[in-house]
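Coordinates in review
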Amino acid sequence: MELQAVLMAAGGGSRMMELTYNTHKPLLPVGNKPLIWYPLNLLERVGFEEVIIITTKDVQKMLTPDRLKLDGKMKLDVVCIQLEGEMGTADALRHVQQKIKTDVLVLSCDLITDVALHEVVDLFRAHNASMAMLMSKLHEFTETVPGQKGKKKAGEQRDFVGVDATGQRLLFMANEADLEDGLTIRKSIMCKHPSMRIRTGLLDAHLYCLKRCVVDFLVENKNISSIRGELIPYLVRKQFSKSVNLPNNKDEVEMSQKMEGQTNLEILGSCKDEELLRLTQERSCWNDHHGDMSEAYHGGKVRCYVHIMEDGVCYRVNTLAAYIEANRMVSAPKLIEDPPIHPSAVISECTQVGADSIIGASCQISDKTSIKRSTVGASSTVREKVKITNSILMNGVTVEEGCNIQGSVICSNAVIGRNADIKYCLVGSSQRIEPDGECLTQAVSCNLF
Amino acid sequence: MADADETSKQAERNTNVGDGIAVKKQDIARAKNEGKELTKDEKQRLRKEKKQQKKNKKDDKGESEHENVPLPPSQAVVQCQSQKAPSVAPSLALTPVSVCTSEKPAKSKAEQRAERRARQEADRAAKGKKGESAQQPPSGKSKAPPNELQPVVKRLPEHVQVDDPAAVRKLAKKLERQQIPVRSEYGYKVSLFSHLHQYSRKAPLTQQISIPSTVIHPYIVRLGLQYSQGIVAGSNARSIALLHAFQKVIQDYKTPPNEELSRDLVNKLKPYISYLNQCRPLSASMGNAIKYVKKEISNIPCLCKEEEAKKQLLSCIDNYIKEKITLAATTISAYAIEKISNGDVILVYGCSSLVNHILCDAFDKKRKFSVIVVDSRPRLEGREALRRLVKKGICCTYVLISAVSYILPEVSKVFLGAHALLANGYVMSRVGTSQIALVAKAYNVPVLVCCETYKFCERVQTDSFVSNELDDPDDLMVTRKGKIHLENWQDIRQLGLLNLVYDVTPPDFVDLVITDLGMIPCTSVPVVLRVKNVDQ
């Protein structure tokens, strides 16, 4: 077996608590499919037959195949973890270490993308890399975010990503928050890669191919708790650290390293069949760089690669703005093969449903309503003379007559009273808007926190 | 018993001179094909049947066919007809036969003759496009001595028949059976080379296979990717990588129940080899390595336990690498050092692992020489050779191939590496090698080719058109001052980009071949091949 997929679905969605306080993040409906359906669909399309899903107990109950609407026969191996302490992604990976027998493909449940996965995996395979990841150009969110007054909050701290001239080798990665004194780049990196492009407008898709020895390394080093926050920057730095000259007596070095309390990644990474690999590399007339006297890859054993998607869909649904944007995007036919209007929805004659709207199963849309650029969840009821524009209605929502909903997010089982006027609001789960109410740019939810 | 049959047949043959050339050749063919297994009665019966068949076919063709067409093809034509086994008839010389056998026998002889002549003219005109491929194999086959009882008609390899839709369909069917995706052709092909595959590096075969690959072993997928991206390049490197991957496959192999390892493992390897062939056409050295591995697997005794068998196979592969590649390199280097004297100026072309090894060894043995590295686009492999030699401490000069006639007066010897050595003494190597050999000959500079014996190949080729490899034409695009020239070459209908990989050098330009068996002239290659076959 070549690769095992591990899907991280235990995150709490801490940046969109308004949505996730009632519905867990992996089950948030996007285009009337649970969020976790998108990465699972990606894996299935590409040919994976088994996935290990790491999630919480509550979500596990809901992860049955028919609920997930998966057509294929992909086997889901769900592993539960407790959420008492903050368990990072690396801790979760350590938790399932027993099941991992080959290289892993780690992805996050909030990734919606149509990337050609072979591009990332080919980099991993061809260069025998320790890590290969996916990044995409950051799209600016243009939709107004409901529930947020005034200007948008200051953007999150940027990521500085340095790639080499080919655009594939990852040389440098740091978050703005860690760079207090400015960006420093080690001279050894500049000597080896004199041409480096530093990009800031990139979104990390949280899709990583990791070698088996990296997982073993994680097991040994228990102080690493987050893949994105700690492991990846460590690997990127490790590419250029002074390599330990493996002496003839490997055992000696291993012992001395263990005494220091940290096992060296390179010793774990050295395979037994390195002799033949070295022989091949010696005889091959290929080099990844030209102009200096070193051999391919500068003799480094740890290599990190990145595939940067210039076009295509790639979203990480971890904020409200991203959630809304994703709902718009998935109505584009690339990701979902189902028709936008579910066949079991009952839509009356005089309604106008725009081409870019998605209507869920068993919906009832009454006369004289107009639905534009919106998503209506399953089992929702929309009465007469309602105007819904640019909005997202989750499952089981009831909208009485005469309402006007614009640019809002209505969570599941909410009831909007008649003639209500809702603009850029976020109505929480099971909330009730009074008839003739007017909500403008506010979040209506019960105060649970 | 069999010999008596032979002699009796011979006598019969000699008495039947009057029957015409056709029958004589028929007998020769029959003698070859039927062999010793059939009894006398069966042979007579078959002979009668064939005579009948021949008579029917002769009515269609008539005698003039044999007079018009030159002798060797007609011989081949007759042989192929009289063969029992159905032969795939893709070659040009055979098409007249197949066409005319499908015609009704009712046409008059004169009409048939006229038609045939017209067809032959058309075929001769089209011959330039198809190259010598069609004519050569039949003529090569028919010249085989009559006392060798082997099937003579060989199929044309599919990789030189890309413009024949029947062959392409056959290949597609075969790949489908093995569950390997077909790689699609890319770009406009120059008409002289339209019979070869041309792929794009940006469309790797991994697009079409599932990501945790189940049909193909992951190591083979990785290897195929490395071949197509050019990460593993060079005849020796490719062979070593291939054998390494085979070792991994054998290690992970588990004999299914009711199967024998010796038979099943060979069948397991076939789709992998097809896959690698799709990623990049196999080299001659890889072909020989595969033959060796298959032979070793089939020679495993049936009673052998799986673990033992696997261990034996792994050690066989290790030995092969050690003997044929590593030790051969040491031996060749020892021979070559005798030819390097102090004060020499040695010219090398591209990056040959063996030649680099020789030069580094000679430098270690304190010979004083300097090297001129000749390089050519688009691969620019000479840069890598330059780096390795300079790192060692050797004095080097670097030129492009366009300057080779300028620097040759200063050169005392030329060392060339080879991709394969063909059975007629031609050297198949990186494109540009024959150029250098030609210019060196003109300047009377000795040309020495270094090649291990495992690269010796039984193929025969006299030109670089018939069987070659077309690399990605986009490699020829170059970026200067931010502008990519030839960016939209596909839009220009009349423009074709050609990126050849190999060419063949005639033996007249090569003065010496240094192999691990010694220093031999180019024409001794068939002798070595024969000795090797006897040994094995």
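Residues numbered from 1 in each chain as written. Chains lettered and ligands numbered in written order. Predicted model: local features only at pLDDT ≥ 70, side-chain atom pairs only at ≥ 80, totals over all residues. Heavy atoms only, no water.

The name that an unreviewed UniProt entry assigns to chain B is Translation initiation factor eIF2B subunit delta, with the source organism given as Denticeps clupeoides. Of the comments in the UniProt record for chain B, the one headed Sequence similarities (unreviewed entry) reads "Belongs to the eIF-2B alpha/beta/delta subunits family." Reading the Subcellular location (unreviewed entry) entry of the UniProt record for chain B gives the comment "Cytoplasm, Cytosol". (UniProt positions renumbered as here; feature names shortened; annotations may be inferred.)

Taking an unreviewed UniProt entry as the reference, chain A is identified by name as Translation initiation factor eIF2B subunit gamma belonging to Denticeps clupeoides. Comment text from UniProt for chain A, heading Sequence similarities (unreviewed entry), reads "Belongs to the eIF-2B gamma/epsilon subunits family." UniProt lists a comment for chain A under the heading Subcellular location (unreviewed entry), and it reads "Cytoplasm, Cytosol".

In this section: the overall build of chain A. The secondary structure content of chain A amounts to 13 helices and 32 strands. Within chain A, the proportion of its 449 residues that are buried is 54%. Taking contacts inside chain A between residues at least 6 apart in sequence as the whole, the part at least 24 apart equals 56%. Entry remark: accessible area of chain A is about 20800 Å², with carbon and sulfur atoms responsible for 49%. (Helix = DSSP H or I, 4+ residues; strand = E, 2+ residues; numbered from the N terminus. Buried < 20%, exposed > 50% of the residue type's maximum accessible area, 1.4 Å probe, protein only. Contact = heavy atoms within 4.5 Å. Areas by Shrake-Rupley, 256 points an atom, 1.4 Å probe, with all protein chains shown as cover.)

Each helix and strand counted, chain B has 19 helices and 12 strands in total. Relative to its 536 residues, chain B shows a buried fraction of 51%. Summarising the internal contacts of chain B: among those between residues at least 6 apart in sequence, 76% fall at separations of at least 24. Accessible surface, chain B as shown: approximately 26000 Å² in total, 54% of it carbon and sulfur.

Further remarks concern the sheet that holds strand β21 (residues 381-382) of chain A. Residues and elements named next belong to chain A. The parallel open sheet is built from 6 strands, whose spatial order is β15-β18-β21-β24-β27-β30. Bordering the open sheet on either side are β15 (346-347) and β30 (432-433), each of which pairs with just one other strand. In the sheet, strand β24 (residues 398-399) pairs with strand β27 (residues 415-416) via 2 bridges, with the strands oriented parallel. For T398, the partnering residue across the bridge sits in β27 and is V415. (Pairing = 2+ DSSP bridges.)

Time to look at the UniProt feature "domain: EIF2B subunit epsilon/gamma LbH" (unreviewed entry) in chain A. Per the UniProt annotation, the sites labelled "domain: EIF2B subunit epsilon/gamma LbH" (unreviewed entry) are residues 345-435 of chain A. With 0% helix and 40% strand, the stretch residues 345-435 of chain A has end C-alpha atoms that lie 26 Å from each other.

Residues and elements named next belong to chain A. Taken in spatial order, the 3 strands line up as β10-β9-β11 in an open sheet, and their pairing is antiparallel. The open sheet is flanked by β10 (170-175) and β11 (196-199), the only strands paired with a single partner. When the angles between neighbouring strand axes are averaged without regard to direction, this sheet yields 15°. In the sheet, strand β9 (residues 159-164) pairs with β10 via 5 bridges, with the strands oriented antiparallel. By the bridge assignment for β10, G162 is matched with F172. Set on the sheet, helix α9 (residues 227-238) makes contact with β9 and β10; between it and β10 the angle comes to about 145°. (Axes fitted to C-alpha atoms, helices over the stretch in contact; angles between N-to-C directions.)

Let's shift gears to the interface of chain A and chain B. A common way to state how big an interface is: give the accessible area lost once the parts meet. Contacts between chain A and chain B engage 33 residues on the former and 38 residues on the latter. In this assembly, chain A and chain B are joined by 15 residue pairs in polar contact (both at pLDDT 80 or more). It is helix α12 (residues 274-283) of chain A that provides the largest number of residues to the side of chain A that touches chain B, a total of 7 residues. A breakdown of the residues in the side of chain A that touches chain B according to their chemical character gives 14 nonpolar, 10 polar and 9 charged. (Polar contact = N/O pair within 3.5 Å; in protein donor to acceptor, adjacent residues only side chain to side chain. Nonpolar A, V, L, I, M, F, W, Y, C, P; charged D, E, K, R; others polar.)

Time to look at the packing of aromatic side chains. Applying the stated criterion across every chain, the model contains 6 aromatic pairs over all chains. Their ring planes at 90° and their centres at 5.2 Å tell us that W37 of chain A and Y38 of chain A sit as a pair that is edge-to-face. For the pair shown, W37 of chain A and Y38 of chain A are each scored as buried. Grouping aromatic residues by their ring pairs yields a cluster made of Y292, Y320 and Y454 of chain B. (Phe/Tyr/Trp six-rings, centres within 6.5 Å; stacked < 30°, edge-to-face > 60°.)

Moving on to empty space enclosed by the protein. All names here are of chain B. Here the structure, examined in full by the defined rule, presents 13 cavities of 30 Å³ or more. Volume-wise, the largest cavity comes out at about 320 Å³. Surrounding the largest cavity, 24 residues form its lining, G234, S235, C351, S352 and R430 being those nearest its centre. Counting residues per element, the ones that place at least two in the lining of the largest cavity are α11 (235-252), α15 (353-364), β4 (413-417) and β6 (427-430). A per-element tally of the lining of the largest cavity places α11 first, with 3 residues. (1 Å grid on protein atoms, 1.4 Å probe; cavity = no way out; pocket = protein on both sides within 12 Å on 5 of 7 lines; lining within 4 Å. Points joined across faces, edges and corners; volume = space filled by probe spheres on them.)

Right, let's get into unusual backbone geometry. Of note, the amide linkage connecting R377 of chain B to P378 of chain B takes the cis form, showing an omega dihedral of -5°. Within the fold, P378 of chain B resides in the loop between β2 (369-375) and α16 (382-392). A positive phi is found at N128 of chain A, a non-glycine position, where the angle reads about 55°. Within the secondary structure, N128 of chain A sits in the loop between α6 (117-126) and β8 (131-137). Its relative accessible area of 18% is what places N128 of chain A among the buried residues. The phi angle at Y297 of chain A is positive, at roughly 60°, despite the residue not being glycine. With respect to the helices and strands, the residue Y297 of chain A is situated in the loop between α12 and β13 (304-309).

Moving on: the pattern of salt bridges. Enumeration according to the criterion identifies 33 salt bridges over all chains in this entry. Linking E310 of chain A and R199 of chain A is a salt bridge whose minimum nitrogen-to-oxygen distance equals 3.4 Å. With a gap of 111 residues between them, E310 of chain A in the loop between β13 and β14 (314-316) and R199 of chain A in strand β11 connect regions that are remote in the sequence. One salt bridge connects D364 of chain B with K392 of chain B, and the closest N-O pair in it is separated by 3.3 Å. Remark: K392 of chain B occurs in helix α16 and D364 of chain B occurs in helix α15; sequence separation between them is 28 residues. Taking the relative accessible area as the measure of exposure, K392 of chain B reaches 34% and is therefore partly exposed. Taken together, the salt bridges that share partners define one network made up of R201, R379, E381, R430, D471 and D475 of chain B. (Salt bridge = Lys/Arg side-chain N within 4 Å of Asp/Glu carboxyl O.)

Before going further, it helps to examine the nonpolar core. Grouped burial of nonpolar side chains is what soluble globular proteins tend to show. Membership of the largest hydrophobic core comes to 49 residues, with the highest contact counts inside it found for I220, F246 and Y275 of chain B. Those elements that provide at least two residues to this core are α12 of chain A together with α9 (165-178), α10 (218-229), α11, α12 (261-279), α13 (284-298) and α14 (306-339) of chain B. For F246 of chain B, the contacting residues outside a window of four places in its chain are I220, L269, I273, I290, V293 and I317 of chain B. Counting 44 residues, the second-largest nonpolar core is a separate cluster that includes V51, V78, V121 and L207 of chain A. (Core = buried A, V, L, I, M, F, W, Y, C linked by side-chain atoms within 4.5 Å.)

Once that is clear, we can look at the confidence of the model for chain B. Residue and element names in this part refer to chain B. Mean pLDDT for chain B: 82, with 78% of residues reaching 70 or above. Overall, residues 64-105 carries pLDDT values under 50, and its contacts beyond four positions in sequence, including any with other chains, amount to 72 contacts. Confidence drops under pLDDT 50 across residues 131-147; counting only partners more than four residues distant or on other chains, this segment forms 29 contacts. Scoring of the predicted complex yields 0.79 for pTM and 0.86 for ipTM. (pLDDT = per-residue confidence, 0-100.)

On to helix α19 (residues 525-535) of chain B. All names here are of chain B. Restricting attention to buried positions, one finds in α19 the residues V525, V528, L529 and K532. Along the axis of α19, the buried positions cluster into a sector of 100°, meaning they face one direction only. Facing away from the buried surface of α19 by more than 90 degrees, the exposed residues are R530 and V534. Buried residues belonging to α19 abut β5 (420-421) and β12 (518-520). (Arc of directions from axis to C-beta.)

All right, on to the pairing of strand β1 (residues 344-349) of chain B then. Residues and elements named next belong to chain B. Counting buried positions along β1 gives 6 out of 6 residues, so the element sits mostly inside the fold. Side chains D344, I346 and V348 of β1 all project onto a buried face; the interleaved residues V345, L347 and Y349 project onto the opposite face, where all are buried too. As defined by bridge partners, β1 adjoins β2 across 6 bridges and the pair is classed as parallel. Following the sheet pairing, D344 is matched in β2 by F369. Note that the unit made of β1, α15 and β2 has a crossover that is right-handed. (Right-handed = clockwise from strand over helix to strand, strands pointing away.)

What follows concerns the packing of α10 of chain B against α12 of chain B. All names here are of chain B. Their axes nearest at 8 Å, the elements α10 and α12 cross at an angle of 20°. Classified by the angle between their axes, α10 and α12 sit roughly parallel to one another. The element α10 and its partner α12 pack so that their crossing is right-handed. Counting all contacts with α10, which are made through I220, V221, L223, G224, Y227 and S228, the residues of α12 involved are Y272, Y275, L276 and C279. Across the contact of α10 with α12, the residue classes break down as 8 nonpolar, 2 polar and no charged. (Parallel < 35°, antiparallel > 145°, perpendicular 65-115°, else oblique. Left-handed = near helix turned anticlockwise from the far one by under 90°.)

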